[in-house]
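# Chains, contacts and geometry: an overview
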Amino acid sequence: MSHVLHRSLTHTYPTAVAGDGPYLIDRDGRRYLDASGGAAVSCLGHSDQEVIAAVRRQIGTLAYAHTSFFTTEVMEELADFLIARAPAGLESVYFVSGGSEAVETALKLARQYFVEIGQPGRRHVIARRQSYHGNTLGALAAGGNEWRRQQFQPLLIEVSHVSPCYAYREQRADESDEHFTTRLAQELEAEILRLGADEVMAFVAEPVVGATLGAVAAVPGYFRKIREVCDRHGVLLILDEVMCGMGRTGSLFAAEQEGITADLITIAKGLGAGYQPIGATLLSGRIRDAIAQGSGFFQHGHTYIGHATACAAALAVQKAVEQRGLLERVVRQGDRLHTRLVERLGQHPNVGDIRGRGLFRGIELVTDRAGKTPFAPELKVHARFKKQAMAEGLMCYPMGGTLDGQRGDHILLAPPFIIDDGHVEEIVEKLSLTLDAVLTSL
Ligand code: PLP
């Protein structure tokens, strides 16, 4: 019996022993095409020699130095690299070990900012239903993923949740994009006013919703209106790009495609591509200056923040993405994947929607396309899908509860940026075979 407390205590996991480009290989020699990058992490695949060499070099020189004593060249260089490419106004970076820590950091920076500028009454956070911001208590409270929150509810800080920009289900048939986005912005504004405009500190949203909705990008204009509402009431905008950032949707930051900037942006996953655990929170010069000119100390910190080896991995990953022109490849292969999914599954009676941006795609399953009726939750279609896909040698990221935490099933795809046309065909073929097998099993 394993002494590891695995995620599921009833499931036996295959043992991964090696990686080969976009494939993982288990102890029995079975190969799995990683069409989800694990959970949108492995953007360079699993055997990138340049990144591996950079990690080796860093460990051989300086593995780690605690950030309360030292800075390191590699951390400074990574921060310079990110800020040089970040949306306007973002001027500093705080490095952590993953996405949840990045979100916690953003929430604390928002709070401390208001304390520093003499607005200590600002304490409320507003986020969106059907979102995910991480599993630590603050990040879990921010998220609107009902299923993940439910049993921990008594431990969570109070956060309001407004509607997501989920056009497939929430935009009325007779509603224009303009009207839909205005309605959502008004809902946010009404919630700010209900809580008290001078008591709200931040609004948190994923530019492209990942695991909870399955690659749902906002309708054009939505984020500009949200930004205006936040600005009108002095509320900070936190964009959570842990999943959709670092090139996943075809631009280094997902916010670039919305034509807005944020006060805080969280990143992780693709930042280190799985070669090391690393996340980061980018903050505006305004927030940094408020702290610098106030207490002069950000009251936060973990032992492994700014870990030198993690920074070296991230720097090598980000240089590789840029130098190899992988953002263009994400757009090209993302379009190809979308086209092939639509050709193969677009008319399938149980495929309601195929969506997403770049190499971040979602497929929502339904029992009938016209009524958009979800499968009964007891059938656990998403769980069957994951199991069957693994049997076909395909890793994908299916989730249930797409509509409300209970009903609905979708499949999230986030393959490595290095996939070629053959891999796209393999993904589409195996997804199609998996879908047929799952439907037959119901
Ligand atoms: N935010 C978003 C949007 C995520 O998708 C995730 C993880 O899936 C997180 C935060 C939490 O990141 P981590 O699992 O690295 O703590």
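This text goes with the structure placed above it.
Figured I'd write up the structure that's included with this text. Keep in mind that this is a model prediction, so the values were computed, not measured. (Residues numbered from 1 in each chain as written. Predicted model: local features only at pLDDT ≥ 70, side-chain atom pairs only at ≥ 80, totals over all residues. Heavy atoms only, no water.)

Core analysis: the largest hydrophobic core is formed by 50 residues, its most contacted members being Phe-95, Phe-203, Ile-265, Ile-267 and Leu-282. In terms of nonpolar packing, the next biggest core, distinct from the first, is built from 41 residues, Ala-316, Ala-320, Phe-375 and Val-428 among them. (Core = buried A, V, L, I, M, F, W, Y, C linked by side-chain atoms within 4.5 Å. Buried < 20%, exposed > 50% of the residue type's maximum accessible area, 1.4 Å probe, protein only.)

Bringing the packing of helix 13 (residues 381–391) against helix 14 (residues 421–441) into the picture now. Interhelical geometry of helix 13 versus helix 14 gives an angle of 130 degrees and a closest axis separation of 9 Å. Relative to helix 14, helix 13 is oriented oblique. As for how helix 13 packs across helix 14, the hand of that crossing is right-handed. Facing helix 13, whose interface residues are Val-381, Arg-384, Phe-385, Gln-388 and Ala-389, helix 14 presents Leu-431, Thr-434, Leu-435, Ala-437, Val-438 and Ser-441. (Axes fitted to C-alpha atoms, helices over the stretch in contact; angles between N-to-C directions. Helix = DSSP H or I, 4+ residues; strand = E, 2+ residues; numbered from the N terminus. Parallel < 35°, antiparallel > 145°, perpendicular 65-115°, else oblique. Left-handed = near helix turned anticlockwise from the far one by under 90°. Contact = heavy atoms within 4.5 Å.)

Attention now goes to helix 11 (residues 308–323). When the terminal C-alpha atoms of helix 11 are compared, their 22 Å separation across 16 residues agrees well with the 22 Å that a helix rising 1.5 Å per residue should span. Counting buried residues in helix 11 gives 13 out of 16 residues, a clear majority hidden from the surface. Positioned one or two residues after helix 11, Gly-325 has a phi angle of 65 degrees, which is positive. (Expected span 1.5 Å × (residues − 1).)

This paragraph deals with unusual backbone geometry. Positive phi outside glycine occurs at Ala-215, with the angle close to 55 degrees. Mapped onto the fold, Ala-215 is located in the loop between strand 8 (208–209) and strand 9 (216–217). By relative accessible area, Ala-215 is classed as buried at 1%. A positive phi is found at Met-246, a non-glycine position, where the angle reads about 55 degrees. Tracing the chain through its elements places Met-246 in the loop between strand 10 (236–240) and strand 11 (264–267).

Moving on, we get to the environment of Arg-329. Mapped onto the secondary structure, Arg-329 falls in helix 12 (residues 326–345). Assessed through its relative accessible area of 22%, Arg-329 is described here as partly exposed. The spatial distance from the C-alpha of Arg-329 to the C-alpha of Gln-49 is 19 Å, given a sequence separation of 280 residues. When neighbours within four sequence positions are excluded, Arg-329 is seen to be in contact with Gly-334, Phe-417, Ile-418, Ile-419 and Asp-420. Looking at Arg-329, its side chain comes within polar contact range of the main-chain oxygen of Ile-418, at 3.1 Å. (Polar contact = N/O pair within 3.5 Å; in protein donor to acceptor, adjacent residues only side chain to side chain.)

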